[in-house]
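Understanding the architecture of this molecule
Letter by letter, the chains look like this.
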Amino acid sequence: MKDDTRKSEMIYVIFFGILFFVFSYYIFTELTKGVITKDFPSHMEGAELILDGQLLTLLKADSYPLWQIFVALTAALFRMPVAAATALVCSLLNVADFLLIIRFFNHYEFRAKTIAPLSCALLLLGPMYLPWYNPNIYLGQGTPNVWHNPTTICVRPFALATFLLIIHLLKKGEEQKVCRRKEFAILAVMLVCCNLAKPSFMQGLIPGLGLYFVLKLVRQRGKNLMFYLKMAAAFVPCVLLLAIQWVISFQSSPSAEGGIAISLFEVMKRYSPNILISTVLGMAFPLYVMIGRWKTVRKKPELQLLGCTVFAAYLEQSLLMETGYRKYHGNFGWAYLVFMFLTYVFSLREFLLWNRAYEYDRRGERSAVGIGWVLFFIQLAIGVYYTFHLYR
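Residues numbered from 1 in each chain as written. Predicted model: local features only at pLDDT ≥ 70, side-chain atom pairs only at ≥ 80, totals over all residues. Heavy atoms only, no water.

Description of the packing of aromatic side chains
Considering all chains together, one arrives at 28 aromatic pairs under this definition. Ring geometry for F213 against Y228: centres 4.4 Å apart, planes inclined by 20°, an arrangement best described as stacked. A residue pair is termed long-range when its members are at least 10 positions apart, and F213 in helix α9 (residues 200–220) and Y228 in helix α10 (residues 225–233) qualify at 15 residues. The class for Y228 is buried, based on a relative accessible area of 2%. Taking the centre distance of 4.8 Å and the plane angle of 70° together, the rings of F351 and W373 count as edge-to-face. Residue F351 is found in helix α17 (residues 334–357), and its partner W373 is found in helix α18 (residues 363–389); the two are separated by 22 residues along the sequence. By relative accessible area, F351 is classed as buried at 0%. (Phe/Tyr/Trp six-rings, centres within 6.5 Å; stacked < 30°, edge-to-face > 60°. Helix = DSSP H or I, 4+ residues; strand = E, 2+ residues; numbered from the N terminus. Buried < 20%, exposed > 50% of the residue type's maximum accessible area, 1.4 Å probe, protein only.)

Structure (structure tokens):
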């Protein structure tokens, strides 16, 4: 009986995985044409440099070449054009997100016929969109799912896997269980991979995790200090790499111009009529779920960590900007977008747990859960519209 159930669940996962791959491949094939967004064509040039034997030229100009390496290897192995390799690699990265989310939800014994379609939907969600408030769907509000930027697509599965590994290690360490050196070594490698995919994730994770450590040490009067120091040691390689990436991006790269400036909300105000409203619209579903489940979620260490990292990423987006021609490119906002994605993943988990726990006979709770579903599917419709709108 268990084998039949597992086979049935596997069929759901395979079906929706293939469906999402096909959908992704279609969207990315269109995006490689560069009709509206030039992000894909500009990054594809890096893959073409590698295929031409100019990897060192790329490394001097681009400090996070992992996506270009993936595309170049795919193009060389399967002897396909760079555009086709781009669509294939990005689609596989999306499927990696899908499978990681499925695996994460499996820990809570959700049924595959529920989590497989919902995981696909999660990867299509957009922000709440009020056209009379802001004609831009993405700019100003942000979005949990970025389709137009290949390096963000590349970093997301690494970021999700790394974040889940950190949560696993923190749980063991804070429960006084022994964490093996192998686990810290894997974490160090994963962190470096995140850097090479896109350093934005690390820009939110490092200060956010540091804030989490400080708050925990103060509250627990120094308990687990040695464990936190051991975990911090795993960050040394990625921090060194981050310093090298900063030099390349702002000093030695041919495109380097200007530097970093501090100016509260200057870049955000360019795209948002009201910072607070735009933030709420971008995080509508997670905010609803977290407020509705506040008594439960505030006690969960992984959500405390997530809150610290989101705060750090949002602070970076609010305070920092580049000078020169990239001043209003909003490149310090990428960390927040990556953590928006993680926030939506954990919010869906909490929402499904809420669905499992509430008492159906209580009208208020039934209505609250129903409103959550309405909000989820509104953002799904907006996300699908935004995805197709990217190249039309």
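Digging into the environment of R326
By secondary structure assignment, the location of R326 is in the loop between β2 (320–322) and α17. R326 sits in the buried class, given a relative accessible area of 13%. Measuring from C-alpha to C-alpha, the distance between R326 and A47 comes to 23 Å, with 279 residues separating the pair along the chain.

As for the layout of surface pockets
Here the second largest pocket is characterised by a volume of approximately 640 Å³. Contributing to the lining of the second largest pocket are 20 residues, with F104, H107, L164, I167 and H168 lying nearest its centre. Counting residues per element, the ones that place at least two in the lining of the second largest pocket are α5 (82–106), α7 (150–174), α16 (301–319) and α17. Sorting elements by how many residues they give to the lining of the second largest pocket places α7 first, with 8 residues. Residue composition of the lining of the second largest pocket, grouped by class: 12 nonpolar, 2 polar and 6 charged. (1 Å grid on protein atoms, 1.4 Å probe; cavity = no way out; pocket = protein on both sides within 12 Å on 5 of 7 lines; lining within 4 Å. Points joined across faces, edges and corners; volume = space filled by probe spheres on them. Nonpolar A, V, L, I, M, F, W, Y, C, P; charged D, E, K, R; others polar.)

Looking at the packing of helix α6 (residues 112–122) against α17
Between α6 and α17, the least distance of the axes is 11 Å, while the angle of their chain directions is 145°. The two elements α6 and α17 cross, and the hand of that crossing is right-handed. Between α6 and α17, the residues in contact are I115, L118 and L122 and Y344, V345, L348 and L352, respectively. (Axes fitted to C-alpha atoms, helices over the stretch in contact; angles between N-to-C directions. Left-handed = near helix turned anticlockwise from the far one by under 90°. Contact = heavy atoms within 4.5 Å.)

Focus on the nonpolar core
Note on soluble globular proteins: their nonpolar side chains tend to be buried together. Membership of the largest hydrophobic core comes to 117 residues, with the highest contact counts inside it found for L170, F201, M231 and F235. In terms of residues, this core owes the most to one element, α17, which gives 17 residues. Filtering out sequence-adjacent residues up to four positions away, F235 remains in contact with I166, L187, L191, M202, L205, I206 and L209. (Core = buried A, V, L, I, M, F, W, Y, C linked by side-chain atoms within 4.5 Å.)

With respect to the pattern of salt bridges
Enumeration according to the criterion identifies 7 salt bridges in this entry. One salt bridge in this structure joins K172 and E183, with 3.1 Å as the shortest N-O distance. Taken together, the residues span a long stretch of sequence, with K172 in helix α7 and E183 in helix α8 (residues 181–197) at a distance of 11 residues. When its relative accessible area of 8% is taken as the criterion, E183 is described as buried. A salt bridge links R349 to E350, with the shortest nitrogen-to-oxygen separation between them at 2.6 Å. As far as burial versus exposure is concerned, R349 and E350 are alike and both buried. (Salt bridge = Lys/Arg side-chain N within 4 Å of Asp/Glu carboxyl O.)

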